[in-house]
Amino acid sequence: MSLGHLIKPEEALSNLPQFDAIIDVRSPAEYAEDHLPGAISLPVLDNEERRIVGTLYKESPFEARKLGAALVARNIARHLDETLRDKPKHWRALVYCWRGGQRSGAMNWFLGQIGFRSRQLQGGYKAYRQQVREDLERLPLGLNLHVLCGRTGSGKTRLLQALAAEGAQMLDLEGAARHRGSVLGGLPGAAQPSQKAFDSELWLQLRGLDRGKPVFVESESRKIGQLRVPEALHRQMREQGHCLWVEMPEAARLELLMQDYAHFHAAPEAFCTLLDGLVELRGRETVRRWQAQARAGDWAEVFGALMREHYDPGYERSLQGHYRLLPQAVTVRLEGSGETQLRAAARSLILG
């Protein structure tokens, strides 16, 4: 394979839209953990095939290569006959594997022999991952962050979405993490991504920002569920972020919480299991009271109690200890979470 088929990571990653497709030829398990933004999975070895070849390699590298070559050739042939059958001659793909070695080299060679203008990512996913790590340290620096702070249920996430709908720039940390950030914050039917996939999503969001304009983001702790917010980004939020304090009447907050966590109505035991995680903070007796209310279907009572006795005290303590500019926060008052009011508040914030 000529070196002309290779493309350096900085050249490829700086303009991914130049490619009509990004092809990940690693195993499905590797792809599921993380992959380049927009990449499709066309494995040249599936999970089991990769395991078999790897095990055989320890005994006989020659036999492993022979078996691997046959498997790779068959899989590439299948991809050409199915997924890639209708691609025109001018179609251009970026192909990568773990280190930019034999797996992506084989796919890229076949594509080149056909006449496609494909390129092989030098260094593969490993090089991409290194670039992500470096960029997550560099890109948050100097961002003009406007941090939405406020008690649980005050509409911060909905206001953030309204800001985006009105054309403002925003970072959606909870959306990327698929989690609302609290002990009850897991989304129904949606597992959190891997840490690497979360990093990739934030990398993509950060790269798309205009650094000359404000960026709105919701206040978060260092972890959202099981995922860590990149330290440089969280430090920029804490130390340099301009805080906006979002207020909403308690009744409206309770109504919003009831909407967000309505899925627990059909799964009270799952809700009670999650509450067990609060025993150390709030005591067994208090948690048992909340659990009894949930089992009885008294959802307004339990969420009201959680709001007043758990969320509000803990959230405000955490904010005061971490966000340097919180004392200078501008107050944003919302009477409810209706779209009209949220969009009006968003427009007011954008205009400054």
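Scroll up a little and you will see the structure.
**Considering the overall build of the chain**
Next, step 1: The helix and strand tally for the chain stands at 16 helices and twelve strands.
Next, step 2: Seen along its three principal axes, the alpha-carbon backbone of the chain occupies a region of about 65 × 45 × 35 Å.
Next, step 3: Expressed as a percentage of the 352 residues in the chain, the buried residues total 46%.
Next, step 4: Partitioning the contacts of the chain with sequence separation of at least 6, the portion at a separation of at least 24 is 73%.
Next, step 5: Looking at the chain as shown, the accessible area adds up to about 17400 Å², and 51% of this sits on carbon and sulfur atoms.
Next, step 6: Averaged over its 47 positive side-chain charges, the chain has a centre that lies 6 Å from the centre of its 43 negative ones.

**Structural notes on the pairing of strand E6 (residues 145–149)**
Next, step 1: With five of its five residues buried, E6 lies for the most part within the structure.
Next, step 2: A two-sided burial pattern is seen for E6, the buried positions comprising Leu145, Val147 and Cys149 on one face and His146 and Leu148 on the other.
Next, step 3: Judged from the four bridges that link them, E6 and strand E8 (residues 215–218) form a sheet pairing that is parallel. In the sheet register, leucine 148 faces E8, and the bridge partner there is glutamate 218.

**Considering the sheet that holds strand E4 (residues 93–96)**
Next, step 1: Read from one edge of the open sheet, five strands run E1-E5-E4-E2-E3, paired in parallel fashion. Either end of the sheet is taken by a strand with one partner, and the two such strands are strand E1 (6–7) and strand E3 (40–41).
Next, step 2: Where E4 lies against strand E5 (residues 119–121), two bridges are found, and the strand directions are parallel. Residue pairing for E5: leucine 94 is matched across the bridge by arginine 119.
Next, step 3: Contacting strand E2 (21–24), E4 and E5, helix H5 (residues 102–114) runs over the sheet at an angle of about 155 degrees to E4.

**Some details on the nonpolar core**
Next, step 1: Grouped together as the largest cluster of nonpolar side chains are 43 residues, with contacts concentrated most on Leu36, Leu94, Leu145, Cys149, Leu171 and Met237.
Next, step 2: Sequence-distant contacts of leucine 36, defined by excluding residues within four places in its chain, comprise Leu13, Ile22, Leu94, Tyr96, Leu121, Tyr125 and Tyr128.

**Some words on unusual backbone geometry**
Next, step 1: Despite not being glycine, arginine 178 shows a phi value in the positive range, around 50 degrees.
Next, step 2: Relative to the elements of secondary structure, arginine 178 occurs in the loop between helix H8 (173–177) and helix H9 (195–207).
Next, step 3: Overall, the relative accessible area of 39% leaves arginine 178 in the partly exposed class.

**Some details on the pattern of salt bridges**
Next, step 1: Scanning the entire structure with this criterion turns up 23 salt bridges.
Next, step 2: With its nearest N and O atoms 2.8 Å apart, the salt bridge here joins glutamate 309 to arginine 289. Pair noted here: glutamate 309 is in helix H15 (residues 299–322) and arginine 289 is in helix H14 (residues 284–295), with a separation of 20 residues, a long-range link.
Next, step 3: Using a relative accessible area of 33% as the deciding quantity, one classes glutamate 309 as partly exposed.

**Things to note about the environment of phenylalanine 198**
Next, step 1: Tracing the backbone shows phenylalanine 198 in helix H9.
Next, step 2: Sequence separation of phenylalanine 198 and arginine 228 is 30 residues, and the distance between their C-alpha atoms is 8.7 Å.
Next, step 3: Residue contacts for phenylalanine 198: discarding those within four places in its chain leaves Leu173, Ala176, Ala177, Pro193, Leu227, Arg228, Val229 and Pro230.

**A few points about the sheet that holds E6**
Next, step 1: Read from one edge of the open sheet, five strands run E7-E8-E6-E11-E12, paired in parallel fashion. Edge positions in the sheet fall to strand E7 (169–171) and strand E12 (330–333), since each has one partner strand and no second. This sheet shows a mean twist of 30 degrees between the axes of neighbouring strands, independent of strand direction.

**Quick look at the packing of helix H12 (residues 268–275) against H15**
Next, step 1: Interaxial distance between H12 and H15 falls to 14 Å at its minimum, and their mutual angle equals 20 degrees. Here H15 runs roughly parallel to H12, going by the angle between their axes. The element H12 and its partner H15 pack so that their crossing is left-handed. Only Trp299, Val302, Phe303 and Leu306 of H15 make contact with H12, whose side of the interface consists of Pro268, Phe271 and Leu275.

**So, the packing of H14 against H15**
Next, step 1: Where H14 contacts H15, the two axes come as close as 8 Å, and the packing angle between them is 155 degrees. Relative to H15, H14 is oriented roughly antiparallel. When you trace H14 past H15, the crossing you get is left-handed. Contacts from Thr286, Arg289, Trp290, Gln293 and Ala294 in H14 reach Trp299, Glu301, Val302, Ala305, Leu306, Glu309 and His310 in H15.
Next, step 2: Of the residues that constitute the contact of H14 with H15, the class distribution is six nonpolar, three polar and three charged.

What counts as what
- One numbering rule holds for all chains: residues counted from 1, following each sequence as written.
- Side-chain atom pairs in this predicted model are given and counted only at pLDDT of 80 or more, local residue features only at pLDDT of at least 70, and totals for whole chains, interfaces and linings cover all residues.
- Side-chain numbers come from the whole structure's heavy atoms, not from hydrogens or water.
- Here a helix means four or more residues in a row that DSSP labels H or I, a strand means two or more in a row labelled E, and each is numbered from the N terminus.
- Each residue is assigned to one of three classes by its accessible area relative to the maximum for its type, calculated with a 1.4 Å probe on protein chains only: buried under 20%, partly exposed between the two thresholds, exposed over 50%.
- The contact criterion used is simple: two residues touch if any of their non-hydrogen atoms lie within 4.5 Å.
- Working definition of accessibility: Shrake-Rupley area with a 1.4 Å probe, residue cover restricted to the visible protein chains.
- Positive charges come from Lys and Arg alone, negative charges from Asp and Glu alone, with His and the N- and C-terminal ends not counted.
- Where a charge lies is defined by one atom per residue type: Lys uses NZ, Arg uses CZ, Asp uses CG and Glu uses CD.
- Strand pairing is assigned whenever DSSP detects at least two bridges linking the two strands.
- To get an axis, a line is fitted to the C-alpha atoms, and for a helix only the part in contact is used. The angle between two axes follows their N-to-C directions and goes from 0 to 180 degrees.
- We call a set of buried Ala, Val, Leu, Ile, Met, Phe, Trp, Tyr and Cys residues a nonpolar core when their side-chain atoms join them within 4.5 Å.
- By convention in these notes, a salt bridge is any Lys or Arg side-chain nitrogen within 4 Å of a carboxyl oxygen on Asp or Glu.
- Here is the rule for angles: anything less than 35 degrees is roughly parallel, anything more than 145 is roughly antiparallel, 65 through 115 is roughly perpendicular, and the remaining ranges are oblique.
- Less than a right angle of anticlockwise turn of the near helix away from the far helix marks a crossing as left-handed, whereas a clockwise turn marks it as right-handed.
- When residues are grouped by polarity, Ala, Val, Leu, Ile, Met, Phe, Trp, Tyr, Cys and Pro land in nonpolar, Asp, Glu, Lys and Arg in charged, and all others, Gly among them, in polar.

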